[in-house]
Amino acid sequence: MGIKKVGLNRNVKPQSLVEKIFFLDFMKGLKTTIKHLFRKTITVDFPYEVSTPTIRFRGVHGLRNVDGTEADDFNSWIKKLKIKPPEMGETRCIACKFCQAACPVPELFTIKAEKLNVPEDHPHHGLKVLSVFDMDLSKCMFCGLCTQACPTDCIIHTDVYDLSSYTRKSWVLNKEELSRIADDFIARRGKEKFDEKSKWRQDQQIWPDYDTPRAKAWDGWMPSYTPNYINTQKGTNNSTESQ
Ligand code: SF4
Ligand code: SF4
């Protein structure tokens, strides 16, 4: 049995005197670094500088208000859910909870609607208004499913990404805060994201309509609460029950 040489690779050509004197290997290694020295910097000195994410960025959520750009079926959703027709500037949310049903972490939402306390002869008798809409963003994975499920294009992602805080409580945003975030986003970048009927521009969809495999997978799917989730909400513990 012959002796096998291990260790140094004998095929490597030794460095010439010129290469040794001018550190040519070292300079080759630095080539990429030197190239980037003369290019425009793409990093920012956060938090002193902030970058503007692309319009498809899935940042902090916002709740849109009625602004006259609602889709044609907006009124039929309001009627269906017996919600008081919102005035200009009031929330588009109809408390349908589709966003919560589509969310992989539904407990991060608290959504409540209350019946209006008005006399029987009042035109709004028997109708409801959104009373609570809280989102605990510390539990959110920013997947965007809630925004896709919303029938009124109310809940959206914005380009806000700075959620740092000293308390967990500050990650729970209520409807007023969410509305403020959406208003600010729409004023700055609404035209980039939505068409005149407030639908997302096709190229700005998280999942574009031409994504047929996804459309097929969702075909016939209707948001509904799983028995597990309903039981958790009622305080019972029946986690073995299947959907
Ligand atoms: S982005 Fe995803 S995890 Fe966050 S609230 Fe929406 S559906 Fe839930
Ligand atoms: S899906 Fe839209 S309209 Fe329905 S509760 Fe969520 S935010 Fe409101």
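**Describing the site of ligand 2**
In the region of ligand 2, the neighbouring residues are Cys93, Ile94, Ala95, Cys96, Lys97, Phe98, Cys99, Phe133, Cys150, Pro151, Thr152 and Ile155. Its atoms largely coinciding with the cavity grid, ligand 2 occupies the largest cavity. Class assignment for the residues of the shell around ligand 2 results in 10 nonpolar, one polar and one charged.

**As for the site of ligand 1**
Around ligand 1 there are 14 residues in total, and Cys103, Cys140, Cys143, Gly144 and Cys146 lie nearest to it. One can see that ligand 1 is located within the second largest cavity. When grouped by side-chain class, the residues that make up the shell around ligand 1 number 11 nonpolar, three polar and no charged.

**Comments concerning the sheet that holds strand β2 (residues 109–115)**
Spatial strand order, β2-β3-β5: three strands in an open sheet with antiparallel pairing. On the outer flanks of this sheet lie β2 and β5 (172–173), each paired with one strand and no other. Note: strand β3 (residues 128–136) against β5, two bridges, orientation antiparallel. Looking at the pairing, Asp136 lines up with Val172 of β5. The strands that helix α6 (residues 175–193) touches are β3 and β5; relative to β3, the one it contacts most, it runs at about 80 degrees.

**Quick look at α6**
The terminal C-alpha atoms of α6, which comprises 19 residues, lie only 22 Å apart, well short of the 27 Å expected from a rise of 1.5 Å per residue. For α6, the principal kink sits at Ala187 and spans about 65 degrees. Among the residues of α6, those classed as buried are Leu178, Ser179, Ile181, Ala182, Phe185, Arg189, Gly190 and Lys193. At the N-terminal end of α6, a side-chain oxygen is found 3.2 Å from the backbone nitrogen of Glu176, two or three residues along, and the residue is Asn174.

**Some details on the side chain of Asp153**
Along the chain, Asp153 turns up in the loop between α5 (145–149) and β4 (155–157). For Asp153, a relative accessible area of 9% translates into the label buried. Each residue touching Asp153, except ones within four places of it in the same chain, is listed here: Arg64, Arg92, Ser198 and Lys199.

**So, empty space enclosed by the protein**
Gaps left between atoms show up when a probe the size of a water molecule is rolled over them. Enumeration according to the criterion identifies three cavities of 30 Å³ or more in this entry. Here the largest cavity is characterised by a volume of approximately 90 Å³. Split by residue class, the lining of the largest cavity holds 13 nonpolar, one polar and one charged. In this structure, the second largest cavity encloses a volume near 70 Å³.

**A few points about the packing of aromatic side chains**
Under the defined criterion, the tally for this structure stands at four aromatic pairs. A centroid spacing of 6.0 Å and a plane angle of 45 degrees characterise the contact between Phe46 and Tyr161, whose relative ring orientation is tilted. A residue pair is termed long-range when its members are at least 10 positions apart, and Phe46 in the loop between α2 (24–37) and β1 (61–63) and Tyr161 in the loop between β4 and β5 qualify at 115 residues. Within the aromatic cluster, the residues linked to one another by ring pairs are Phe46, Phe57 and Tyr161. Sitting over the ring of Phe194, Arg64 keeps its end group 4.0 Å from the ring centre. Above the face of the Trp77 ring, Lys80 is positioned so that its terminal group lies 4.4 Å from the ring centre.

**Comments concerning the pairing of β3**
Moving residue by residue along a regular strand, the side chains alternate between the two faces of the sheet. The pairing of β2 with β3 spans seven bridges and is classified as antiparallel. By the bridge assignment for β3, Lys112 is matched with Val132.

How each quantity is defined
Residues numbered from 1 in each chain as written. Chains lettered and ligands numbered in written order. Predicted model: local features only at pLDDT ≥ 70, side-chain atom pairs only at ≥ 80, totals over all residues. Heavy atoms only, no water. Near = heavy atom within 4 Å. 1 Å grid on protein atoms, 1.4 Å probe; cavity = no way out; pocket = protein on both sides within 12 Å on 5 of 7 lines; lining within 4 Å. Sits in = over half its atoms within 2 Å of the grid points. Nonpolar A, V, L, I, M, F, W, Y, C, P; charged D, E, K, R; others polar. Pairing = 2+ DSSP bridges. Helix = DSSP H or I, 4+ residues; strand = E, 2+ residues; numbered from the N terminus. Contact = heavy atoms within 4.5 Å. Axes fitted to C-alpha atoms, helices over the stretch in contact; angles between N-to-C directions. Expected span 1.5 Å × (residues − 1). Bend = angle between axes of the 7 residues up to and from the residue. Buried < 20%, exposed > 50% of the residue type's maximum accessible area, 1.4 Å probe, protein only. Polar contact = N/O pair within 3.5 Å; in protein donor to acceptor, adjacent residues only side chain to side chain. Points joined across faces, edges and corners; volume = space filled by probe spheres on them. Phe/Tyr/Trp six-rings, centres within 6.5 Å; stacked < 30°, edge-to-face > 60°. Lys NZ or Arg CZ within 6 Å of the ring centre and 35° of its normal.

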